[in-house]
Number of protein chains: 2
Amino acid sequence: GLAEFVAAEEMDRQEGFWWSPDGDRLLVARVDVGPVNRWYIADPADPSRAPRQVAYPVAGSPNAVVTLLVAGAGGGSAVPVRWDSERFEYLVAAHWDAVALLIVVQSRDQRTMRVLEVSPQTGETRVIREDVDPDWVDIVGGVPRHLTDGSLVWTVDADDARRLLVDGTVVTPADLHVRGVLDVDGDTVLFSASSEPTNVEVWSWERGAGAVRLAPESGAGTFGARRSGATTVLAQRTLDSPAVSVTVIREQRMVAAVRSLAETPIVLPRVQQLRLGARELRAALLWPTGYAPGSGSLPVLLDPYGGPGHQRVVASQGPFLESQWFADQGFAVLVIDGRGTPGRGWAWERSIRGDRPYPVLDDQIDGLRAAAALHPDLDLSRVAIRGWSYGGFLSGLAVLSRPDVFHAAVAGAPNADQRLYDTHYTERFLGMPDEEPESYDRMSLALLAPKLERPLLLIHGLSDDNVIAAHTLRLAAALDAARRPHQLVLLSGFTHSTNRPSSANLLLLQLEFLKNALHLA
Amino acid sequence: GLAEFVAAEEMDRQEGFWWSPDGDRLLVARVDVGPVNRWYIADPADPSRAPRQVAYPVAGSPNAVVTLLVAGAGGGSAVPVRWDSERFEYLVAAHWDAVALLIVVQSRDQRTMRVLEVSPQTGETRVIREDVDPDWVDIVGGVPRHLTDGSLVWTVDADDARRLLVDGTVVTPADLHVRGVLDVDGDTVLFSASSEPTNVEVWSWERGAGAVRLAPESGAGTFGARRSGATTVLAQRTLDSPAVSVTVIREQRMVAAVRSLAETPIVLPRVQQLRLGARELRAALLWPTGYAPGSGSLPVLLDPYGGPGHQRVVASQGPFLESQWFADQGFAVLVIDGRGTPGRGWAWERSIRGDRPYPVLDDQIDGLRAAAALHPDLDLSRVAIRGWSYGGFLSGLAVLSRPDVFHAAVAGAPNADQRLYDTHYTERFLGMPDEEPESYDRMSLALLAPKLERPLLLIHGLSDDNVIAAHTLRLAAALDAARRPHQLVLLSGFTHSTNRPSSANLLLLQLEFLKNALHLA
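The rules behind the values
- Residues numbered from 1 in each chain as written.
- Chains lettered and ligands numbered in written order.
- Predicted model: local features only at pLDDT ≥ 70, side-chain atom pairs only at ≥ 80, totals over all residues.
- Heavy atoms only, no water.
- Helix = DSSP H or I, 4+ residues; strand = E, 2+ residues; numbered from the N terminus.
- Rg over C-alpha atoms; globule rule 2.2 N^0.38 Å.
- Buried < 20%, exposed > 50% of the residue type's maximum accessible area, 1.4 Å probe, protein only.
- Areas by Shrake-Rupley, 256 points an atom, 1.4 Å probe, with all protein chains shown as cover.
- Lys, Arg positive; Asp, Glu negative; His and termini not counted.
- Charge placed at Lys NZ, Arg CZ, Asp CG, Glu CD.
- Pairing = 2+ DSSP bridges.
- Axes fitted to C-alpha atoms, helices over the stretch in contact; angles between N-to-C directions.
- Contact = heavy atoms within 4.5 Å.
- Buried area = accessible area lost by both parts, 1.4 Å probe.
- Salt bridge = Lys/Arg side-chain N within 4 Å of Asp/Glu carboxyl O.
- Polar contact = N/O pair within 3.5 Å; in protein donor to acceptor, adjacent residues only side chain to side chain.
- Nonpolar A, V, L, I, M, F, W, Y, C, P; charged D, E, K, R; others polar.
- Phe/Tyr/Trp six-rings, centres within 6.5 Å; stacked < 30°, edge-to-face > 60°.
- Lys NZ or Arg CZ within 6 Å of the ring centre and 35° of its normal.
- Least-squares fit on C-alpha atoms with pLDDT ≥ 70 in both.
- Core = buried A, V, L, I, M, F, W, Y, C linked by side-chain atoms within 4.5 Å.
- Parallel < 35°, antiparallel > 145°, perpendicular 65-115°, else oblique.
- Expected span 1.5 Å × (residues − 1).

> Explanation requested: the overall build of chain A in the structure shown.
The number of helices and strands found in chain A is nine helices and 30 strands. Whereas a compact globule of 521 residues would reach a radius of gyration of roughly 24 Å, chain A reaches 24 Å, a difference of no more than 12%. Expressed along its principal axes, the backbone C-alpha trace of chain A runs to roughly 70 × 55 × 45 Å. Going through the 521 residues of chain A one by one, you find that 58% of them count as buried. Surface exposure of chain A reaches about 20500 Å², of which carbon and sulfur atoms provide 51%. Treating the 49 positive side-chain charges of chain A as one cloud and the 64 negative ones as another, the clouds have centres 3 Å apart.

Below, the structure is given as structure tokens:
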């Protein structure tokens, strides 16, 4: 009845049980973590705290065995659901509505995904949809669903965009990239999509009316929505305001607005959106508050995430609060989304598959140079990079492999050793470690340790049970073995997130490191 | 039947059972660690390794409950040994010979020690000796013993030296400091002693002959010996040779020599012994090989231990191998034994009792200045300090509290937080943490963290189960909280000892840190 680690962390499936529409039966997952690798998460700064044993499916090792049963609410024996679980070991999603019970399963190599209809009575399944991709098939939120007439709502990658599919027919244009289905309300499909990757729009589709954007007059921004009973609640974030604007819509008319009572942040991001270089890399440039571009020379701080599944450059103020704070300390802060980031279609995301070297880092460098060509204020002799998680990995990679470009780096909770990260995420991009060891090697920072010649600050939470502290501790050990000095900050009691009151100190610590490393006053 | 943690670590008692002379009975310790604090020793760089739970009696907390039983070799019910264990919770030693079964017990505050004679038949005990000291009573190796006539062999602190005591009578001169009894062979007592703290001599005493030094013609050095059946094996180390010279003596004549087949170290320590300052601090000065004193200016590296129970400055080459290696890298290396170190009598050792501030550090500074007055080659504008364990603590204390004197420090496995160290060692010098909190505070480096303004390299083994890694990790966290940059090196798989092949790299890492910190070429 619970979601296993990779379901929750990598498939966005937080549930392990699903009620039938009339509440008389329950589809329930049985998760056997018996074969899964065991790790201990321990905090040696707090020796009285008992270490936690976790079942962590590390790349190349066995996953939890997930089976499904249909149980009656009144008790009695449960019916096992049967599918080719040898070939399709991942349970991606399940959905039970008045039309049918559907499950989505995926092969270990993630190149084949099937939608199966389950007979709750017998547990038999039949394939109603199969998608195949030479790299991997993406998991899309909110599908599968049914319309009331039984039509399957699904998505497909076609013409380099993700398209909405109703009963096998593509119903969205090729220049609109569907991000996910938000709700299916009767015969109306509410979904989010981008015609420009930095914007997230909300659209609805219904038969006859076709695909229509909600609130098109409101322009750029990132939108989210839910819909039920013909009522839509729409939330909009923009680059112009720190507040979230929430409106309630019925029959295409705004019927109410929800007032935001959020505090106004003391930092006000002023984001200059850019398209950089031949690839028109989406980027954001932030100057110190009050700085007049063209009036001087500024050290540059790249502040990327850069990895799959998460964009930094979106039309919303919130994600730039920390960036603006750093800018206000005297940096030109540049945030670039390169290849591999979502929202720009199939080929863009897949260009980071393991056997292609370093496109992510190349795009940071291309974007940096293009921005400096536009703005001579950017001093390319003083360039630092900072990031967390994948952004931490990217920062470490940058300073280790390209000291000609990067003069200092802050790597927070980096997934520095791909062999220590989980199955579903890592194998998607790098394959199996015993089959593609060179991809794993190329993406593991310890092998680059002897090359370090720039200041590097490593930060990791000792209670991180996602990107475990061993990523950083092993990189630090490799740096020590190569006698490359660096700064190591271990956060006792911190997990993978650093969103804590004490994080203010962590920002100051990074700032002082950067100022010292770049010889700023 | 096993020695508990503080017995093995702090009392030099490795045994938990003792046979009767005729082998028909066994005195056995029952160690109940139930009330003892539990800690986890975990190595987050190696998450698959199960953390080890240890019963660690941290200062101020309950010790293991140690009781004694006399068991018959043929089985049957054992006789419990009864003594005032409420007042005397430490079992220091036991000895069973033809004369009697003796045990030594000590109070929690270590200010009272009793020798008890045990009736193996009834378990009754009677006090045959009690020693009291306003600070603490030292545990001396090799006593109690008996002569064949039943005389008790013991030691006493008198006239500021430790004296050998036979049947209550002092039998050694006041200018000879007894270090320990090596063996009692019939009616001959073989013991080690110092007339000068840097030398360790071997003496014998027997009734009539009195105390006589063995091999007095061999001069300065550190001697060890064992004796049985009127045969003595004597081992000598000196400052003139890396080899150990071992001879066999019968009836005052050398009857054999044991050849040393040890490799000759590639580093040859050339130790200049000094007496520095008003206290005539024993010290060793090492120049770079081939350096002519008076010919230039050298950065200074202090290389102390400095704490209780261990001398660095002894007339033996071995302890100076690392010091000479550092000297050969371009340092004047100065090793100073200040107040608190053993071999110089009662008052010298006791001057570090918690309520007297920083004599240990003061003596390092006094010695440094006195050495620089003798040798202007010592450049007082470039002074570093390194050390391990207590020496690591001292190095950290030096750089944190006296940046006017010390320009860089390497603190290896420092006992940085006295509240994290064990009962028997810590309470001896600082009392109970709830009774003398200010002593604990004064000796804990984290409180000084905001003052750091010099380069500091912290090194700690993650598998250290004696001075646990939390000492260093909490100091590092305090430095991070105060945003004082430092270098942190964690050694995965290392315990408190760093004596491993990979330690060569650790020396180079320290060297490069020191060169960088002192701006050397």
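> Looking at this model, I keep getting lost on the sheet that holds strand β19 (residues 222-228) of chain A. Mind explaining?
The strands making up a sheet associate through backbone hydrogen bonding, with each pair oriented either parallel or antiparallel. Residues and elements named next belong to chain A. Spatially, β19-β20-β21-β22 is the arrangement adopted by the four strands of the open sheet, whose pairing is antiparallel. The two strands at the open ends of the sheet, each matched to only one other strand, are β19 and β22 (253-258). Strand-to-strand twist in this sheet, taken as the mean axis angle between neighbours without regard to direction, amounts to 25 degrees. Two elements, strand β21 (residues 245-250) and β22, share five bridges in a ladder whose sense is antiparallel. Within β22, the residue paired with arginine 250 across the bridge is arginine 253.

> What exactly am I supposed to notice about the sheet that holds strand β5 (residues 65-72) of chain B here?
All names here are of chain B. Pairing in this open sheet of four strands is antiparallel, and the strands run β1-β2-β5-β6 from one edge to the other. Two strands lie at the open edges of the sheet, namely β1 (17-19) and β6 (79-80), each paired on one side alone. In this sheet, β5 lies alongside strand β2 (residues 25-32) in antiparallel orientation, the contact comprising eight bridges. In the strand pairing of β5, leucine 26 is matched with alanine 71.

> Honestly, the interface of chain A and chain B in this entry has me stumped. Any pointers?
On the side of chain B, 30 residues touch chain A, which itself brings 31 residues to the contact. Across the interface of chain A and chain B, roughly 2800 Å² is buried in total on both sides, 59% from carbon and sulfur atoms. The residue A:Glu512 makes a salt bridge to B:Arg483 at a minimum N-O spacing of 2.8 Å. Between the two partners, chain A and chain B, sit 12 residue pairs in polar contact (both at pLDDT 80 or more). Going through the elements one at a time, β3 (38-41), α8 (470-481), β30 (487-491) and α9 (503-517) of chain A are the ones with two or more residues in the side of chain A that touches chain B. Broken down by element, the residue count for the side of chain A that touches chain B peaks at five residues, all from α8(A). Within the side of chain A that touches chain B, the residues separate by chemical class into 20 nonpolar, four polar and seven charged.

> Help me understand the packing of aromatic side chains, please; the structure alone is not making it clear to me.
One pair of aromatic rings is described through two measures. These are the centre distance and the angle between the planes. Going through the model one piece at a time under the given rule, you end up with 18 aromatic pairs over all chains. Ring geometry for B:Trp287 versus B:Tyr291: centroids 5.5 Å apart, planes at 25 degrees, classification stacked. If you follow A:Arg344 out to its NZ or CZ, it ends over the ring of A:Trp348, 3.9 Å from the centre.

> Please clarify how the pattern of salt bridges should be interpreted in this entry.
Any two side chains of opposite charge can pair, so long as their charged atoms come close to each other. Tallying each qualifying case throughout the model produces 64 salt bridges over all chains. In this structure, B:Asp303 and B:Arg386 form a salt bridge, with 2.8 Å as the shortest nitrogen-oxygen distance. Of this pair, B:Asp303 sits in the loop between β25 (298-302) and α2 (321-328) while B:Arg386 is found in strand β27 (residues 378-388), placing the two residues 83 residues apart along the sequence. B:Arg386 matches B:Asp303 in its accessibility class, with the two residues each being buried. Here the residues in one salt-bridge network are A:Asp133, A:Asp138, A:Asp157, A:Arg162 and A:Arg350, joined through shared partners.

> Looking at this model, I keep getting lost on unusual backbone geometry. Mind explaining?
Most peptide bonds are trans, and most residues other than glycine sit at a negative phi. The omega torsion of the bond from A:Val143 to A:Pro144 falls at 5 degrees, within 30 degrees of zero and hence cis. By secondary structure assignment, the location of A:Pro144 is in the loop between β10 (125-132) and β11 (145-146). Its identity as a non-glycine residue notwithstanding, B:Asp12 has a phi of 55 degrees, on the positive side. Structurally, B:Asp12 can be placed in the loop between α1 (5-10) and β1. If you check the backbone angles, B:Ser389 has positive phi at about 60 degrees while not being a glycine. With respect to the helices and strands, the residue B:Ser389 is situated in the loop between β27 and α5 (390-401).

> Even after reading the chapter, I still don't get the relation of the copies chain A and chain B, so can you show me in this structure?
Two copies of one chain are present, and they are related through a rotation about an axis combined with an axial shift. Between the two copies, chain A and chain B, the superposition gives an RMSD of 0.0 Å; the rotation angle is 180 degrees and the shift along the axis is 0.0 Å. The two molecules are tied by a two-fold rotation axis, judged by turn and shift. Take the interface residues of chain A: 97% of them recur as interface residues in chain B, which is what a same-surface contact looks like.

> Looking at this structure, how should I read the side chain of A:Glu427?
With respect to the element layout, A:Glu427 can be found in helix α6 (residues 423-430). Discounting chain neighbours no more than four positions away, the residues touching A:Glu427 are A:Ala59, A:Gly60, A:Ser61, A:Tyr90, A:Arg108, A:Gln110, A:Asp422, A:Met432 and A:Tyr440.

> Sorry if this is basic, but what is going on with the nonpolar core here?
Nonpolar side chains tend to gather and get buried jointly when the protein is soluble and globular. Core analysis: the biggest nonpolar cluster contains 142 residues, and A:Leu276, A:Leu334, A:Phe406, B:Leu276, B:Leu334 and B:Phe406 have the highest contact counts within it. Other than its neighbours up to four places away in sequence, B:Leu276 contacts B:Leu281, B:Ala283, B:Leu334, B:Ile336, B:Gly367, B:Ala370, B:Ala371 and B:Leu374.

> Explain helix α6 (residues 423-430) of chain B here, please?
Residues separated by three or four positions in an α-helix point in the same direction, a consequence of the helix having 3.6 residues per turn. Residues and elements named next belong to chain B. Burial within α6 is extensive, with eight of its eight residues counted as buried. By the burial criterion, the buried members of α6 are Thr423, His424, Tyr425, Thr426, Glu427, Arg428, Phe429 and Leu430. Buried residues along α6 sit in contact with α1, β7 (90-96), β8 (101-106), α5 and α7 (437-442). N-cap assignment for α6: the residue whose side-chain oxygen lies 3.4 Å from the backbone N of histidine 424 is aspartate 422.

> Looking at this model, I keep getting lost on the packing of helix α4 (residues 359-374) of chain A against helix α5 (residues 390-401) of chain A. Mind explaining?
The description of two helices packed together rests on the angle between their axes and the distance between the axes. Residue and element names in this part refer to chain A. For the pair α4 and α5, interaxial distance at closest approach is 10 Å and the crossing angle is 75 degrees. Accordingly, the angle class assigned to the pair α4 and α5 is roughly perpendicular. Seen from α4, the contacting residues are Val360, Leu361 and Gln364; seen from α5, they are Tyr390, Leu394, Leu397, Ala398 and Ser401. Of the residues assigned to the contact of α4 with α5, the class counts are six nonpolar, two polar and no charged.

> I'm lost on the environment of B:Leu511 in this one. Help?
Residues and elements named next belong to chain B. Tracing the chain through its elements places leucine 511 in helix α9 (residues 503-517). Between the C-alpha atom of leucine 511 and that of glutamine 329, which follows or precedes it by 182 residues, the distance is 8.0 Å. Apart from the residues within four sequence positions on either side, leucine 511 is in contact with Trp325, Phe326, Gln329 and Phe331.

> Before we go on, may I ask you to explain helix α4 (residues 359-374) of chain B in this structure?
With 16 residues, α4(B) ought to run about 22 Å at 1.5 Å a step, and its terminal C-alpha atoms sit 22 Å apart, in line with that. For α4(B), the full list of buried residues reads B:Pro359, B:Val360, B:Leu361, B:Asp363, B:Gln364, B:Ile365, B:Gly367, B:Leu368, B:Ala370, B:Ala371 and B:Ala372.

> I would appreciate a short explanation of the pairing of strand β23 (residues 271-276) of chain B in the present structure.
Consecutive side chains along a regular strand alternate between the two faces of the sheet. Residues and elements named next belong to chain B. Bridge count for β23 against strand β24 (residues 281-286) is six bridges, and the pairing is antiparallel. The residue of β24 that forms the bridge with leucine 274 is alanine 283. Taking the residues between adjacent antiparallel strands as the criterion, β23 and β24 are bridged by four residues, where glycine 277 takes a positive phi near 75 degrees.

> Where do I start with the environment of B:Val467 in this structure?
Residue and element names in this part refer to chain B. Along the chain, the position of valine 467 falls in the loop between β29 (456-461) and α8 (470-481). You can call valine 467 buried: its relative accessible area is 2%. A sequence separation of 398 residues divides valine 467 from leucine 69, and the C-alpha atoms of the two residues are 32 Å apart.

> I tried to follow the environment of B:Glu453 on my own but got confused; where do I start?
All names here are of chain B. Along the chain, glutamate 453 falls in the loop between α7 and β29. Glutamate 453 sits 101 residues away from isoleucine 352 along the chain, and the two C-alpha atoms are 27 Å apart. Residues in contact with glutamate 453, not counting those within four places in the same chain, are Pro403 and Arg484.

> Help me understand the pairing of strand β20 (residues 231-237) of chain A in this model?
All names here are of chain A. Pairing between β19 and β20: seven bridges, direction antiparallel. If you follow arginine 227 over to β20, its bridge partner there is threonine 232. In sequence, β19 turns back onto β20 through a hairpin of two residues, with glycine 229 there showing a positive phi of about 55 degrees. Inspection of the sheet shows β20 paired to β21 by six bridges, in the antiparallel sense. For alanine 235, the partnering residue across the bridge sits in β21 and is valine 246.

> How should I be thinking about the side chain of A:Arg312 in this particular structure?
Mapped onto the elements, A:Arg312 comes out in the loop between β25 (298-302) and α2 (321-328). Setting aside its immediate chain neighbours within four residues, A:Arg312 contacts A:Asp303, A:Pro304, A:Tyr305, A:Pro319, A:Phe320, A:Ser323, A:Val335 and A:Asp337.

Note that all results are geometric; they support no functional claim without further evidence.
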